[in-house]
Amino acid sequence: MTTTDKRATLLRILTTALAVCFCTTMMAQDESTPTKKVTHTEMVAIGSADLLDTYLSPEKYKGSEMRYISHTIRDIPGDRWQQQIIHQGSIAMADDRAEDGNLMGGLYTLDYALQRPFHPGDGQWELRVGGMANFNLGVLYNSRNQNNPAQLKLSMQLGPAAAVTRAFHLFGKEWRARYEVELPLLGLMFCPNYGQSYYEIFTRGDYDHNAVVTTPFNAPSMRHALTIDFPLWKVTWRVGYLGDYQQAEVNNLKQHAYTHALLLGWVKKFKVTRTRK
Amino acid sequence: MTHRHAITRTMGKAAAMLLAACCTWCLTACIDEEQFPDSPQGNLEALWRIIDEHYCFLDYKKEAIGLDWDEVHTRYASRVDEGMSRTQLFEVLCAMLSELRDGHVNIYTSFDTGREWSWSEDYPSNVSDTLLRKYLGTDYKMSNGLNYRVLDDNIGYVRYPSFANEIGSGNLDDMLTFLAPCRGLIIDIRSNGGGMLTSAETFAARFTNEELLVGYIQHKTGKGHSDFSPMEKQILKPAKAVRWQKPVVVLTNRGVFSAANEFVKYMKCCPKVTIVGDRTGGGAGMPFSSQLPCGWSIRFSACPIYDRDKNSTEFGIEPDHHVGLTDADFHRGRDTIIEHARQLLGK
């Protein structure tokens, strides 16, 4: 065989292989079925922050907070339980009442909820009830303190999570109102003891009740949001209110972080198909 | 279907009740802290409360110097009135805090820093810049705050005026290697006001070949004056680097405070170490910060630290050889304390 013949044969083999692969893929796609309906919302929350941590200061700090929220609901047809996954990253800046001190906070929160949907009444209502687990990691930094300048925020919580959605028509389009709430009932959080320094904990390794079990009695906390989805310019927009009230009184130290924020974001709905092998 | 609708309705009611319970609970279970008004009286009350609940030496000082914190409140509350100026309020608050006789207690304002330094100011300084210049000369070595040279009688001299910087392992290796031919070492920490505890530990770890119990540390666990955690042992571990094996003399005066006081405590436990000079200034409580309604910052002792016999070193550590600078030596250009150390090391 000449070099030209060899090249031609190789080209034919490659073309045939590609064609087989393409056909196989098409056949596989033909056999695929829609398995998940995903509602993904990306939001920005801007609002007020009210911060207290008596390890850092007896004074309350008030300021503003900005939060990015990635909110995903995965509905699997036929499954009783639906997934809700929320990632939140927030930055807060607050001043004391004398406007002489500054408190800065950064927090990442991951929420994972399993909820069971119900459709009472005329079918326009949807109620989801279930449980959630969340993980929080962040820091609160007081710019004026020396040996106690910061507080590590590390916690995990379990509790019920519920959501109510109502679809309605306005201006000839479908709108959706949604209210969701989470209530941590049992958790574990890191906290230094009353007058314990971070030098003792992290340099010397002297632990003293630094992992504390939290319940609604020592950490009554709650996060809820009321939102409205509406279509505009071929995009589904979401606006609403976010209220996040995180509190704890452990090791004789008090902490709270109250957030009231305006939510603004957009909603994407799509189906994820699973390809059969 | 009817049965299913009934279940759905029941679930709906349960969820509604849960939501209502959430809201009710959150609205009624607020965790908050009492905020004193930003007035002269409010600021005094806030300051008194911070010390009452967080300061770690109230019981110790009641026993040692007869401090009665409730009586202090009564006495100073009557000195405050609503018409007083910021400067006048500052003076009253500083006077109240001076009752604690603690160098770690301060009020920081934009116009002044409130302090009580009688632990140092009421005593001879026992250190002279003029004399130190004479001993160090101009060709001494300088590394990360460590100033050192070899004196005429082949004794190493290290002047270390602050623990504010983190001492690097390399700095200590190079210094101790350079001074290794010397027959003894003088570490002069007179008027060293402290800094980082970790630096004091790092430095002292060069003078022991085995783990040593050097003291205890604890912290407050509640608002009560006697609410403390169990004492935790402070163990000084030998450095895994160049370690000094010859005699050492540490020079002290009343200006040795806080982390420098801790360094003296550690060194007292090390073999071949002698402390020479005046009693140290003390400062055995790791300080925390807080603030007043008017925005002024407060610093106070929060975690008490003890020596190996569980005695507080808040009011200082006695030297092994009590020596002070004499006028006669000063006029002859001699530092009495350094000369005493040289004699000890020359024996």
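Residues numbered from 1 in each chain as written. Chains lettered and ligands numbered in written order. Predicted model: local features only at pLDDT ≥ 70, side-chain atom pairs only at ≥ 80, totals over all residues.

Chemist: How should the environment of Pro271 of chain B be read in this particular structure?
Modeler: Residues and elements named next belong to chain B. Take Pro271: it is sitting in the loop between helix H10 (259–269) and strand S10 (273–277). A residue is classified by how many C-beta atoms lie within 10 Å of it, and Pro271, with 12 of them, is exposed. Between the C-alpha atoms of Pro271 and Lys246, which are 25 residues apart in sequence, the distance is 9.3 Å. (Helix = DSSP H or I, 4+ residues; strand = E, 2+ residues; numbered from the N terminus. Buried ≥ 20, exposed ≤ 12 C-beta atoms within 10 Å, placed from the backbone.)

Chemist: Any chance you could explain the sheet that holds strand S3 (residues 141–143) of chain B here in plain terms?
Modeler: Within a beta sheet, neighbouring strands are joined by backbone hydrogen bonds and run either parallel or antiparallel to one another. All names here are of chain B. If you walk across this open sheet you meet the seven strands as S3-S4-S5-S6-S9-S10-S13, and the pairing is mixed. Each edge of the open sheet is held by one strand with a lone partner, namely S3 and strand S13 (321–322). Pairing analysis gives three bridges linking S3 to strand S4 (residues 146–150), with the strands arranged antiparallel. By the bridge assignment, Ser143 is partnered in S4 with Leu146. (Pairing = 2+ DSSP bridges.)

Chemist: Help me understand the interface of chain A and chain B in this model?
Modeler: By a widespread convention, an interface's size corresponds to the accessible area lost as its parts come together. Listed by partner, the interface residues are 44 residues for chain A and 43 residues for chain B. Only strand S2 (57–75), strand S5 (125–142), strand S6 (150–170), helix H2 (198–203), strand S11 (235–250) and strand S12 (253–274) of chain A provide two or more residues apiece to the side of chain A that touches chain B. Looking at the side of chain A that touches chain B, its residues break down into 18 nonpolar, 15 polar and 11 charged. (Contact = placed C-beta atoms within 7 Å. Nonpolar A, V, L, I, M, F, W, Y, C, P; charged D, E, K, R; others polar.)

Chemist: Just to check I follow, could you spell out the nonpolar core for this structure?
Modeler: Within soluble globular proteins, side chains that are nonpolar generally end up buried alongside one another. All names here are of chain B. By size, the foremost hydrophobic cluster in this structure holds 49 residues, and its most contacted members are Ile186, Ala204, Val250, Leu251, Phe263 and Met267. With six residues, the top contributor of residues to this core is H10. Not counting residues up to four positions away in its chain, the partners in contact with Leu251 are Ile186, Asp188, Ile189, Arg190, Val276, Gly277, Ile337, Ile338 and Ala341. The next biggest cluster of nonpolar side chains, apart from the first, holds 28 residues, and it includes Val105, Ile107, Ile217 and Cys303. (Core = buried A, V, L, I, M, F, W, Y, C linked by C-beta atoms within 7 Å.)

Chemist: When you look at unusual backbone geometry in this model, what are you seeing that I'm missing?
Modeler: The phi angle of most residues is negative, glycine excepted, and most peptide bonds adopt the trans form. All names here are of chain B. For Asn154, which is not a glycine, the phi torsion comes out positive at approximately 60°. Using a count of 13 C-beta atoms within 10 Å as the deciding quantity, one classes Asn154 as partly exposed. Although it is not a glycine, Lys272 adopts a positive phi angle of roughly 65°. With respect to the element layout, Lys272 can be found in the loop between H10 and S10. Taking the number of C-beta atoms within 10 Å as the measure of exposure, Lys272 has 14 and is therefore partly exposed.

Chemist: In this structure, what is going on with the pairing of strand S10 (residues 222–232) of chain A? I would like to understand it.
Modeler: Two faces, one strand: in a regular strand the side chains alternate between the faces of the sheet. Residue and element names in this part refer to chain A. In this structure, strand S7 (residues 173–182) lies alongside S10, joined through seven bridges in antiparallel fashion. Paired with Arg176 across the strands is Asp229, a residue of S10. With 11 bridges connecting them, S10 and S11 associate as antiparallel partners. Bridging from a neighbouring strand, Pro231 pairs with Thr236 of S11. Linkage of S10 to S11, two consecutive antiparallel strands, is achieved through a turn of two residues, within which Trp233 is found at a positive phi near 55°.

Chemist: In this structure, what is going on with the packing of helix H9 (residues 197–204) of chain B against H10 of chain B? I would like to understand it.
Modeler: Helix packing geometry: the angle between the two helix axes and the distance between the axes. Residues and elements named next belong to chain B. Following both chains from N to C, one finds H9 and H10 inclined at 25°, their axes separated by 9 Å at the closest point. Relative to H10, the element H9 lies roughly parallel. Of the two possible hands of crossing, H9 and H10 adopt the one that is right-handed. Where H9 abuts H10, its residues Leu197, Ser199, Ala200, Glu201, Phe203 and Ala204 lie against Ala259, Glu262, Phe263, Tyr266 and Met267. When its residues are assigned to classes, the contact of H9 with H10 shows eight nonpolar, one polar and two charged. (Axes fitted to C-alpha atoms, helices over the stretch in contact; angles between N-to-C directions. Parallel < 35°, antiparallel > 145°, perpendicular 65-115°, else oblique. Left-handed = near helix turned anticlockwise from the far one by under 90°.)

Chemist: Before we go on, may I ask you to explain H9 of chain B in this structure?
Modeler: Think of an α-helix as 3.6 residues a turn; residues three or four steps apart then line up on the same face. The buried fraction of H9 of chain B amounts to seven of the eight residues, a majority that puts the element mostly inside the structure. Burial in H9 of chain B covers these residues: Leu197, Ser199, Ala200, Glu201, Thr202, Phe203 and Ala204 of chain B. Elements that come into contact with the buried residues of H9 of chain B comprise H2 of chain A together with helix H8 (169–179), strand S8 (232–236) and H10 of chain B.

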